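# Structural overview for review
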Amino acid sequence: MSNAPKIEIRGIDRKFKKRGSNEDFYALSGFSLTVREGEFVTIVGPSGCGKSTLLDILVGLAKADGGEILIDGKPINGAALDRGIVLQGYALFPWRSVRRNIEFGLEIKRVPKKERRDVSDRFIKLVGLEGFENHYPYELSGGMQQRVAIARSLAYDPEVLFMDEPFAAVDAQTRETMQDELLSIWEKTGKTVIFVTHSIEEAVGLADRVAVVSKSPGRIKEVVEVDLPRPRRVSQVRDTTDFNIITHRVWELLQDKDPAPLNIGGPAVDISEAILDDAAI
Amino acid sequence: MSALKTLRKILYAAIPIIAFFLFWQLGSRYIPRGVLSTPVKIAEGMWKELTRSEPERNMGGLTLLGHTGRSLWRIVKGFTLAGVVGIVFGFLLGTYFKPLEKLFVPFFQVCEKLNPFAIIPVFMIIFGIGEEEKVAIVFWASIWPFLFNTYEGAKRIDNSFIRAARSMGAGRGKLFAGVIVPATLPYVFTGVKLAIRISFFMIIAAELAGATSGIGWFYIQKKTAYKLALVYGSILFITFLAIVFNAAFARIEKHFLRWKENV
């Protein structure tokens, strides 16, 4: 990991018209974040904090109303193959086989057929889908579809990969496996990753740094360093004290609480009391 | 599906059809003469017509197969033309020409509601009785399913497909050929199947209303000559042709939509 800034997000604003009035509503306001080359940054925040809007702007699907985004010091202009995104809900093309889904970006890049095949072979192997090359998406499980989506965004070799809650739709077990697989793919490919999620554990488990975002308008509240060892597996760090401290810190930020020292072993809320209280009403 | 399962399915489907013809054959003896023909007589009569090598007198110089060819050729022309125009318009209205959509779609919806059978005499006046008129009738009636199904399909494309393609830098051409067309294809096929049915309805109607060749005309001639077996035979033959065409297109659909569940 070098220290050169790969992505510089500088004071991004994005406003929408409120329904039925002329008032503007700011989804993002003065959003700034710098990501180093090869870094894995997660963005965590409550729903409606503009996370998806931010990714749309980053990938070039939407325009910002203010601010600028630099990649390698150059401002971005629309969508391009230097950036890839794994969208919510996979968005695989159902009419294309696994292989042809993965080759879509390469076709846009006008890579010759023979070479496309070599690349798709490599990525099918990387995400562990050998034997499923010619299957159609409807024939795959959720986790497998997710793998195809990741392979599709990596195949055309973007320098930066954005991921919009990619594991939100898979079951808990698959999710854990996918997180570890993603880390292993990231280690092998060395991509710069910005990963959006609303799960604190996921955010901390995967990241070098966690950007905590506040709601309306969406802006960075704090960036939390995740000082957990690499190479890392989420399943292995999840039960460590360090992990829990960082997770708690992020949780506090999201709860809008001032950071307080951890109160370990303090008086716990008696659940039975709470229930009885409720019942009394 | 296994071969055995397919065979069983065909067998089940055939039972009521065979029973129907059997009932017809046996029951017709209780019907007054001159109303109903029997399946055996129909088969005999139609076989004679289908294997005839020289056209009969007063049959327009064509055998039954010749008339069938004339009708099918009219269908092919009208249907293909409707397909090309309808699908192109459907795509344009459903995707890139939003302002025109508001202008034209309601108008086309009214056009579609016009009873196509009622329009036949008008087309006769405009085009004169002949080939153009028949092709125009088939075209007019079958363009709507093409147009509206393509239009609906193009409009309903899941936005996430568009986003995924655009995020990979797809330009307009790739977006159209690589996403919009394949995503709309299932709807287009719905239109194709409807248009086939309608084409067969319309060509017969047009030929009944006024023609000098075609299966519809053959049918009218046999009715005038009171050849009962051939009157019923013509109806069955027309139905059979429509089924064959539908099955052929179902095959094509299956080939193109094999990526879909349950096709």
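Residues numbered from 1 in each chain as written. Chains lettered and ligands numbered in written order. Predicted model: local features only at pLDDT ≥ 70, side-chain atom pairs only at ≥ 80, totals over all residues. Heavy atoms only, no water.

## Quick word on the packing of helix H4 (residues 98-113) of chain B against helix H6 (residues 131-155) of chain B
All names here are of chain B. H6 packs onto H4 with a crossing angle of 145° between their chain directions and a minimal axis gap of 11 Å. Pair H4 / H6 crosses with left-handed handedness. On the side of H4, the interface is formed by Lys98, Glu101, Val105, Phe108, Gln109, Cys111 and Glu112, while H6 contributes Trp140, Trp144, Leu147, Phe148, Tyr151 and Lys155. Split into classes, the residues belonging to the contact of H4 with H6 amount to 8 nonpolar, 1 polar and 4 charged. (Axes fitted to C-alpha atoms, helices over the stretch in contact; angles between N-to-C directions. Helix = DSSP H or I, 4+ residues; strand = E, 2+ residues; numbered from the N terminus. Left-handed = near helix turned anticlockwise from the far one by under 90°. Contact = heavy atoms within 4.5 Å. Nonpolar A, V, L, I, M, F, W, Y, C, P; charged D, E, K, R; others polar.)

## Remarks on the pairing of strand E10 (residues 219-225) of chain A
Residues and elements named next belong to chain A. Pairing between strand E9 (residues 209-214) and E10: 6 bridges, direction antiparallel. In the strand pairing of E10, Val213 is matched with Ile220. Hairpin connection between E9 and E10: a loop of 4 residues separates the two successive antiparallel strands, and Ser216 in this loop has a positive phi of roughly 20°. (Pairing = 2+ DSSP bridges.)

## Section: the domain arrangement of chain A
Residue and element names in this part refer to chain A. Domains assigned within chain A are domain 1 (5-82 + 158-280) and domain 2 (98-151). Spacing between the C-alpha centres of domain 1 and domain 2 amounts to 27 Å. On the domain 2 side, the residues contacting the 11 residues of domain 1 number 10 residues. Interface of domain 1 and domain 2: buried area, both sides summed, is about 890 Å²; carbon and sulfur atoms make up 78% of it. By the criterion of area lost to domain 2, the three top residues of domain 1 are Leu81, Met178 and Ile185, representing 49% of everything that side buries. As a salt-bridge pair, Arg147 and Glu181 come within 3.6 Å of each other at their nearest N and O atoms. Here domain 1 is connected to domain 2 by 0 residue pairs in polar contact (both at pLDDT 80 or more). Broken down by element, the side of domain 1 that touches domain 2 gets its largest block of residues, 6 residues, from helix H6 (residues 172-189). When the residues that make up the side of domain 1 that touches domain 2 are grouped by side-chain class, the tally is 7 nonpolar, 2 polar and 2 charged. (Domains from an automatic or database assignment. Buried area = accessible area lost by both parts, 1.4 Å probe. Salt bridge = Lys/Arg side-chain N within 4 Å of Asp/Glu carboxyl O. Polar contact = N/O pair within 3.5 Å; in protein donor to acceptor, adjacent residues only side chain to side chain.)

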